[in-house]
Amino acid sequence: MSTDATRRVRLLYFAWVREKVGVSTEEVDLPQTVASVEALVEWLKQRGPQYGEAFARPQVVRAALDRVHVKPTAALGSVREVAFFPPVTGG
Amino acid sequence: MSTDATRRVRLLYFAWVREKVGVSTEEVDLPQTVASVEALVEWLKQRGPQYGEAFARPQVVRAALDRVHVKPTAALGSVREVAFFPPVTGG
Amino acid sequence: MVVRVQHEDFDIAAETDRLVGGRHDVGAIVTFTGKVRGDDGGRPIATLTLEHYPEMTEAEMVRIEAEARSRWPVQEVLVVHRVGELRAGENIVLVITVAPHRQAAFDAAGFLMDYLKTRAPFWKKETAPDGKGTWVEAHAGDDTAAERWR
Amino acid sequence: MVVRVQHEDFDIAAETDRLVGGRHDVGAIVTFTGKVRGDDGGRPIATLTLEHYPEMTEAEMVRIEAEARSRWPVQEVLVVHRVGELRAGENIVLVITVAPHRQAAFDAAGFLMDYLKTRAPFWKKETAPDGKGTWVEAHAGDDTAAERWR
């Protein structure tokens, strides 16, 4: 994989997603072929069992691209920060 | 008029109704023939011009019988306290 | 419910603490404070004088409280209404509702204010800086707001 | 709007005074306070730990504020949300809305709470007296409440 076929993205995990993944943040070099939030989830699941656990029920994990709520089908585009978390429970 | 043909009722006036009538409270001996709120208003208007002024627009004067909001057609029954006032503006 | 009519100002923090201090079953507190504005539709106001019908206020508020409690699971309700002469910027009325969850607290507070505006026997007279007094007219919008709860 | 995220408790009276002190154009102030309950559906709670996503909180709250201001004539809006470990009975969140008239203040406060519950990136973990931790699950009712404003 050549460097120009990947881009560096910062990933953040919150609440029980963070607990299952085991880290709160990491930097990854994403292949250009990983183009959507759901594709990123599939790519992560191949990196280790902790991601499989965190995303076992993908429909209950929400995502934000550069701090904006998005749907799983959202395109990553030139995103720099992707966050994964359970449905919010503040207030 | 015999005593048993009248009953003593306490009248209260508030806000601009009070200002026009000129007193905040008075006791009156009402003939039994004065049987409803609107009949009481007509009876009062014959007592003096101040009542005519206070009840010039009868639809904007509200009434309460024994401290309960009522409509002009309400029967006086054995009421002891009748209050007249403009639409309320508290809160 | 506690309903108080008084000339003195109220202390929202102290009133709230009296209702919920030390409790662990409360999830939501809504407070509404109504204040004297310095103008009413462009007409300047120096003072607002509030008159009321004491015996009916109490009776009416007891009815309104019973209605609110029958509709929403509120734990505590407080209404404090000031009377007498108040200056622009001063507090007029305080409503506090306390409940396990927010929606009951919000709804009960809105309901109490709508009913206070349309049923509680209080009347406001505005006095302009030049001393001219004007009785405040009821807003049709208040009746409409109260109708929502029927 | 001011949005603050902090561990320390808030002082409702001081915050209100900062927003409206000395003003004569305010007619209505609504405050909402959310508190930690000592149990959740019968399960006892000793502490509640709040985690959040700081950079997104700010961005999301700016969006929510803009939406609230575009819908209602509110003069001031304040949101204070606590994070970290809180005990049963402690405050979690404060919303204050200030407006010339009551309906805008009530509606904006209800809207802000519904949106905080469904969009602001905060997560609650309850810890029972025996030390067992449970992440709070989102309520479908909160999404329904937020849908009202669409």
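To keep things clear, this report deals only with the structure shown in the data block. (Residues numbered from 1 in each chain as written. Chains lettered and ligands numbered in written order. Predicted model: local features only at pLDDT ≥ 70, side-chain atom pairs only at ≥ 80, totals over all residues. Heavy atoms only, no water.)

1. Brief notes about the interface of chain D and chain A
In step 1: Of the residues lining the interface, 26 residues belong to chain D; the matching set on chain A comes to 20 residues.
In step 2: The closest approach of N and O atoms between Lys125 of chain D and Glu19 of chain A, which form a salt bridge, is 2.4 Å.
In step 3: Remark: the boundary between chain D and chain A carries 13 residue pairs in polar contact (both at pLDDT 80 or more).
In step 4: Put simply, the parts of the chain that give the side of chain D that touches chain A at least two residues each are strand 5 (47-52), helix 2 (54-71), strand 8 (91-99), helix 3 (102-119) and strand 9 (122-127) of chain D.
In step 5: By residue class, the composition of the side of chain D that touches chain A is 14 nonpolar, three polar and nine charged. (Contact = heavy atoms within 4.5 Å. Salt bridge = Lys/Arg side-chain N within 4 Å of Asp/Glu carboxyl O. Polar contact = N/O pair within 3.5 Å; in protein donor to acceptor, adjacent residues only side chain to side chain. Helix = DSSP H or I, 4+ residues; strand = E, 2+ residues; numbered from the N terminus. Nonpolar A, V, L, I, M, F, W, Y, C, P; charged D, E, K, R; others polar.)

2. Focus: the interface of chain D and chain C
Interfaces are often sized by the accessible area lost when the parts come together.
In step 1: At the junction of the two partners, chain D supplies 32 residues and chain C supplies 32 residues.
In step 2: Carbon and sulfur atoms supply 54% of the area that chain D and chain C bury against each other, a total of about 2500 Å² over both sides.
In step 3: When residues of chain D are sorted by the area they lose upon contact with chain C, Arg37, Arg102 and Phe106 of chain D head the list and together hold 26% of the total.
In step 4: On inspection of chain D and its partner chain C, the count reaches four salt bridges.
In step 5: For Asp114 of chain D, the salt bridge is made with Arg102 of chain C, and the minimal N-O distance between the two is 2.7 Å.
In step 6: Where chain D packs against chain C, one counts 15 residue pairs in polar contact (both at pLDDT 80 or more).
In step 7: For the side of chain D that touches chain C, the secondary structure elements donating two or more residues are strand 2 (28-35), helix 3 and helix 4 (140-147) of chain D.
In step 8: Each residue belonging to the side of chain D that touches chain C can be placed in one class, and the counts come to 13 nonpolar, 10 polar and nine charged.
In step 9: Sheet topology places strand 2 (residues 28-35) of chain C next to strand 2 of chain D; seven bridges connect them, and they run antiparallel. Each bridged residue has a counterpart across the sheet, and for Ala28 of chain C the counterpart in strand 2 of chain D is Gly34 of chain D. (Buried area = accessible area lost by both parts, 1.4 Å probe. Pairing = 2+ DSSP bridges.)

3. What to know about the packing of helix 2 (residues 54-71) of chain C against helix 3 (residues 102-119) of chain C
Residue and element names in this part refer to chain C.
In step 1: The interhelical angle for the contact between helix 2 and helix 3, taken along N-to-C directions, is 150°, at an axis separation of 10 Å. With respect to helix 3, the axis of helix 2 lies roughly antiparallel. For the crossing formed where helix 2 meets helix 3, the hand is right-handed. The segment helix 2 lies against helix 3, with Glu60, Met61, Ile64, Glu67, Ala68 and Arg71 engaging Phe111, Leu112, Tyr115, Leu116 and Arg119.
In step 2: Among the residues making up the contact of helix 2 with helix 3, the classes are represented as seven nonpolar, no polar and four charged. (Axes fitted to C-alpha atoms, helices over the stretch in contact; angles between N-to-C directions. Parallel < 35°, antiparallel > 145°, perpendicular 65-115°, else oblique. Left-handed = near helix turned anticlockwise from the far one by under 90°.)

4. A few points about helix 1 (residues 12-20) of chain D
Residues and elements named next belong to chain D.
In step 1: Among the residues of helix 1, those classed as buried are Glu15, Thr16, Leu19 and Val20. Down the axis of helix 1, the buried set is contained in an arc of 110°. They therefore lie on one face. Exposed side of helix 1, more than 90 degrees from the buried face: Asp17 and Arg18 are the residues found there.
In step 2: On its buried face, helix 1 is in contact with strand 1 (2-6), strand 2, strand 6 (76-82) and strand 8.
In step 3: Capping of helix 1 at its N-terminal end is provided by Asp11; its side-chain oxygen lies 3.1 Å from the backbone amide nitrogen of Ala13.
In step 4: Of the residues flanking the end of helix 1, it is Gly22, one or two places downstream, whose phi is positive at about 80°. (Buried < 20%, exposed > 50% of the residue type's maximum accessible area, 1.4 Å probe, protein only. Arc of directions from axis to C-beta.)

Shape is all these values report; function is a separate question.
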